[in-house]
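Fold and contact review
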Amino acid sequence: MGSLFRSEEMALCQLFLQSESAYTCVSELGELGLVQFRDLNPDVNAFQRKFVNEVRRCDEMERKLRYLEREIRKDGIPVLDTGENPEAPMPREMIDLEVKFEKLENELKEVNSNAEALKRNYLELTELKHILKKTQVFFDEALYPPNLPYDQEVYFDDDERINLLMDTSLHHLMHIGFVAGVILRERIPAFERMLWRACRGNVFLRQAEMDDPLEDPATGEQVYKSVFIIFFQGDQLKMRVKKICEGFRATMYPCPEAPADRREMAMGVKTRLDDLNTVLSQTQDHRHRVLVSAARNIRAWMMKVWKIKSIYHTLNMFNLDVIQNGLIAECWIPVANWEDVQLALRRGTEKSGSLPAILNRLSTLEAPPTFHRTNKFTKAFQNLIDSYGVATYREINPAPFTIITFPFLFAIMFGDVGHGIIMALFGGWMVWREKPLSAKKTDNEIWNIFFGGRYIILLMGLFSMYTGLIYNDVFSKSINLFGSSWHGAYNDSTIQQNKELTLDPADVKQYDQYPYPFGLDPMWQLSNNKINFYNSYKMKISIIFGIVHMLFGVILSVWNHKFFNKAMNIYCEFIPQIIFLTCLFVYLVLLVFHKWVWYGAGGDVSTSPSCAPSILITFINM
Amino acid sequence: MTQLINIVSHIKTSPESCYATSGRMLDSLFNIDNGYLEGLVRGFKNGILKETDYLNLVQCETLDDLKLHLQSTDYGHFLANEASPIQVSVIDDKLRDKLVAEFQHMRNHAVEPLATFLDYITYGYMIDNIVLLITGALHQRPISELMPKCHPLGTFEQIEAINVASTSSELYNAVLVDTPLADFFGECVSEQDLDELNIEIIRNTLYKAYLESFYSYCKSLGGITAEVMCEILAFEADRRAFIITLNSFGTELTNEDRKKLYPQCGKLYPDGLAALARADDAENVKQVAEFYTEYRALFEGAGSNPGEKTLEDKFFEHEVKLNVNSFLHQFHFGVFYAYLKLKEQECRNIVWIAECIAQKHRAKIDNYIHIL
């Protein structure tokens, strides 16, 4: 039968590779994807294997590429993914790649540190600008105090109405020093408390919030800060205040006292800020250009590095043959692909230009691995079967039967034309747009599950439409395609006076003695005993299908017993299974059919519905 | 039926009322608030390195081999983004970062009383951080240099303003009064300037108050938590008493001062502590330990000759044994404390092995403490 009926025949082979051609041969075999290597060094530690240095170099390259990818994503540059599959580069090209990545990483690191320094500068200047603006308000009040009673309580809030200093002359007399700075907004309460405690209430703090958030150079996120100014008297307090400011990471700025100096400083800060802005934007542009050029190739580079790494991991599994300076490998190959593997090996040895590789078949008593050759359609069903357990070598594969039975049994349970159409359309859309959707490579698990099962969903939808027509169920309503076989043949007065009337199938006027051509009669939708009828019908159908299914599975096992030449199994397993199944469950199915056929309306009392025996009781009573 | 209703009505259904009646919670109700975290911490504990891992680690020739081997353990790719060549300090930091992340996750998901319990564990690190910063300030180091050396679990908001204080009363009034450590400060407030000796005394006094407070909190929780934690904390208290005594010989610390530093929640209280206060050399200390079976076993065979384990190592081993045993009970908070301590010991082990490899001095590479 077809290739999916049984798992493929596998052969254990030994591969002799010359050291020079080992890399290219493994690369070609990797592209082929039909060989499974065995680990010939299972008890060797990871860091004692032969090619561990190369694997480490690949790890380093991967690290650099990951760094680049992070930076690219941070800037929001889209990564170009053409879906191309570059071949693994030769070992000597690996050095070129390493050098290239090193250069890129260093360049990016330099640009980043420059940008950070510039941003820090920018932040300082912005803070200074805000300080100069806000302290203007603090000092203004000192010069022009509003008319308030002098014993008014001092309170700290954003209104900036109350002042401590009464006029400038008094201010100079008291030799009050001050310190101005900027601090994160969330630290202000603790900062105030600490100041109060440490200086025993001898300092005075004024603070004002800055409305715009500033960018923190290290993390890049926006933070809100406040401007503060602390007035104190004496040097000791000054030291203490400075220490506390350092402790809370408040940056202090020199703020001149005289308003004229402040205005001058503000102008200087403004020009410097403008200059810095231009330099900063140029740095950002440069960085952007570097990242864009890297983004074009990064996917291809990543694939190349992964391929190199996996080739060296595979080479680590080989045994070293010291005598002939070669490597020995053991692998499982499907017998049908023997020629393809030979061809791949020849290509590999030609590329590296050395002696050809030798492929020997070994005979072994070991159980070979199970290999099913699937395509994109059958793969989903094979996965479904494998989740219950992988079939043993050369056993009949349930997957080809599952292609039909699984969606059909689902449809028996689902059975709605309307919802079936929606499901079939969804599955159909996923199948139609297969290529672009699979190229997207999202991490969303739920989407990946649905997309992986697109063929299953399509089939389930189609079958559901069929069973929906049989159940006559469209969004839980019935449709009348062919005209109902039931007619309400009562006269008007009877209909007006009775809430419920019974339609008797024996009566020719009420029931055309032939059933609805396809599916359930739509009249059932209107009846009171619809649930009674539907449930009994659906349960019996399910039992019949289930038992047929089980019987089919048991009968399949005969092929397996014949194939493995185990005649004893046929007598000791198959025959007893069939006897057991038949005597119990096929008997039950026969009872169901008999009841359907023998008992009905319009006939003898002994075959009327009122005399129909219960299948359950009959079955239990045997 | 009525009997069933009577029985049901006797069972308190809310956890709060469970505490009110007996001071301990029914085991069956433990999982409501703490089931997820206990499951999580047991999962973490299963990832602690085993003997086979350590055998592989001591065979490593370079630090890169060490990194390769750690990739296959629960640590995974925690060093993946570090440029090679790696240094031991980087490994140490990353190991600690991973442990801190796990602890923070558990603390964020904890409700009372587990939240208070986990907070108590962090107070020990706060004490160490404070002492580190003050010592650094004494040696005129800038605060920005000292902050990365602080343990992340022991940070609090005002920690960087520590260098404001020059006497212990200032330290209390300005900085610590708003922190949870305020309660432990009771006896140490004085007007003396902070200097080397004072700082050690402050550290030990704080730690003594902290241990005793933790001990009484665990006791108030009752149940298996009290059993397990009080055993562990009692050993910690006695260990500190021994170490303080042994370290104080030949220093300016008088016997009376030393007595004030002994935590009183251990097995040595009151007679052993009184005897230790009178001890004058190592022999006397050993004689005091003779009266207690576990401690006699620790002191025996401990010495500084090659081939013998040092007393500190024996203390570590005993602590590890107590911590591992705490996992044999279920429905208690001791597993969180034990996991933290075991992971720290594992970090110390890995760093020891890494140092031996880095300095190519492999004679004592096997002197790590075996955990599992």
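Residues numbered from 1 in each chain as written. Chains lettered and ligands numbered in written order. Predicted model: local features only at pLDDT ≥ 70, side-chain atom pairs only at ≥ 80, totals over all residues. Heavy atoms only, no water.

1. Topic: unusual backbone geometry
- With an omega of -5°, the peptide bond between B:E112 and B:P113 qualifies as cis.
- Following B:Y269, the chain continues into B:P270 via a peptide bond in cis, with omega recorded as -5°.
- On the secondary structure map, B:P270 appears in the loop between helix 12 (255–260) and helix 13 (271–278).
- Here the phi dihedral of A:R394 falls at roughly 65°; this positive angle occurs in a residue that is not glycine.
- With a phi close to 55°, B:K360 is a non-glycine residue in the positive phi region. (Helix = DSSP H or I, 4+ residues; strand = E, 2+ residues; numbered from the N terminus.)

2. Thoughts on the layout of surface pockets
- In this structure, the largest pocket occupies an estimated 1,600 Å³ of space.
- Contributing to the lining of the largest pocket are 36 residues, with A:W486, A:P505, A:W524, A:N529 and A:F533 lying nearest its centre.
- When contributions to the lining of the largest pocket are tallied by element, the ones reaching two or more residues are helix 16 (530–563) and helix 17 (567–598) of chain A.
- Broken down by element, the lining of the largest pocket gets its largest block of residues, five residues, from helix 16 of chain A.
- Tallied by class, residues from the lining of the largest pocket come to 19 nonpolar, eleven polar and six charged.
- Roughly 1,300 Å³ of internal volume is contained in the second largest pocket.
- B:D128, B:R203, B:Y207, B:R240 and B:R348 are, among the 44 residues lining the second largest pocket, the residues nearest its centre.
- The set of elements that each furnish at least two residues to the lining of the second largest pocket consists of helix 6 (88–109), helix 7 (114–138), helix 10 (196–221), helix 11 (223–248), helix 16 (311–326) and helix 17 (334–358) of chain B.
- Grouping the amino acids of the lining of the second largest pocket by side-chain chemistry returns 21 nonpolar, seven polar and 16 charged. (1 Å grid on protein atoms, 1.4 Å probe; cavity = no way out; pocket = protein on both sides within 12 Å on 5 of 7 lines; lining within 4 Å. Points joined across faces, edges and corners; volume = space filled by probe spheres on them. Nonpolar A, V, L, I, M, F, W, Y, C, P; charged D, E, K, R; others polar.)

3. Focus on the pattern of salt bridges
All names here are of chain A.
- Throughout the structure, instances matching the rule amount to 47 salt bridges over all chains.
- Here D39 makes a salt bridge to R49, at a shortest N to O gap of 3.4 Å. Placement of D39 in the loop between strand 2 (36–37) and helix 2 (52–75) and of R49 in the loop between strand 2 and helix 2 is noted, with a sequence separation of ten residues between them.
- We classify D39 as partly exposed; its relative accessible area is 33%.
- By relative accessible area, which is 16% here, R49 ends up buried.
- In this structure, K309 and D59 form a salt bridge, with 2.9 Å as the shortest nitrogen-oxygen distance. Here K309, found in helix 7 (residues 259–316), pairs with D59, found in helix 2; they are 250 residues apart in sequence, far enough to count as distant.
- Judged by its relative accessible area of 17%, K309 falls in the buried class.
- Within this structure, E60, R63, K64, E102, E105 and K109 form a network of salt bridges that share partners. (Salt bridge = Lys/Arg side-chain N within 4 Å of Asp/Glu carboxyl O. Buried < 20%, exposed > 50% of the residue type's maximum accessible area, 1.4 Å probe, protein only.)

4. A few points about the interface of chain A and chain B
- Across the boundary between the two partners, chain A contributes 25 residues, which contact 25 residues of chain B.
- Summing both partners gives a buried area of about 2,200 Å² for chain A against chain B, and 50% of it is carried by carbon and sulfur.
- At the junction of chain A and chain B, the tally comes to three salt bridges.
- A:R193 serves as the salt-bridge partner of B:D178, at 3.3 Å between the closest nitrogen and oxygen.
- Remark: the boundary between chain A and chain B carries four residue pairs in polar contact (both at pLDDT 80 or more).
- Listing elements by their share of the side of chain A that touches chain B, those giving two or more residues are helix 2, helix 5 (188–198) and helix 6 (235–247) of chain A.
- No other element matches the six residues that helix 2 of chain A contributes to the side of chain A that touches chain B.
- Tallied by class, the residues present in the side of chain A that touches chain B amount to eight nonpolar, three polar and 14 charged. (Contact = heavy atoms within 4.5 Å. Buried area = accessible area lost by both parts, 1.4 Å probe. Polar contact = N/O pair within 3.5 Å; in protein donor to acceptor, adjacent residues only side chain to side chain.)

5. So, the packing of aromatic side chains
- Applying the stated criterion to the full structure yields 53 aromatic pairs over all chains.
- Taken together through their ring pairs, the aromatic side chains of B:F30, B:F117, B:Y120, B:Y123, B:F184, B:Y207, B:Y210, B:F214, B:Y217, B:F331, B:F333 and B:Y337 make up a single cluster.
- Across the ring face of A:F563, the terminal group of A:R6 is positioned such that the distance to the ring centre comes to 3.9 Å.
- If you follow A:R454 out to its NZ or CZ, it ends over the ring of A:F451, 4.4 Å from the centre. (Phe/Tyr/Trp six-rings, centres within 6.5 Å; stacked < 30°, edge-to-face > 60°. Lys NZ or Arg CZ within 6 Å of the ring centre and 35° of its normal.)

6. Let's talk about the UniProt feature "coiled-coil region" (unreviewed entry) in chain A
- In the numbering adopted here, UniProt assigns the feature "coiled-coil region" (unreviewed entry) to residues 51–128 of chain A.
- In this annotation, residues 51–128 of chain A is assigned 79% helix and 0% strand; the end-to-end C-alpha distance for the span is 58 Å. (UniProt positions renumbered as here; feature names shortened; annotations may be inferred.)

7. Details of the packing of helix 6 of chain B against helix 17 of chain B
Residue and element names in this part refer to chain B.
- Two elements in contact, helix 6 and helix 17, have axes separated by 9 Å at closest approach and are oriented at 170°. Considering their axes alone, helix 6 and helix 17 lie roughly antiparallel with respect to each other. Packed against helix 6, whose contacting residues are V88, I91, D92, L95, L99, E102, F103 and M106, the element helix 17 presents F336, Y339, L340, K343, E344, C347, I350, V351, A354, E355 and A358 at the interface.
- Residue classes in the contact of helix 6 with helix 17 are distributed as 14 nonpolar, no polar and five charged. (Axes fitted to C-alpha atoms, helices over the stretch in contact; angles between N-to-C directions. Parallel < 35°, antiparallel > 145°, perpendicular 65-115°, else oblique.)

8. Describing the sheet that holds strand 8 (residues 251–253) of chain A
Residues and elements named next belong to chain A.
- In space, the four strands of this open sheet follow the order 4-7-3-8, with antiparallel pairing throughout. In this open sheet, the two edge strands, each paired with only one partner strand, are strand 4 (204–209) and strand 8. The mean angle between the axes of side-by-side strands here comes to 25°, regardless of whether they run parallel or antiparallel.
- Here nine bridges tie strand 3 (residues 176–184) to strand 7 (residues 225–233), and the two strands are oriented antiparallel to one another. Its bridge partner being in strand 7, F178 is matched across the sheet by F231. (Pairing = 2+ DSSP bridges.)

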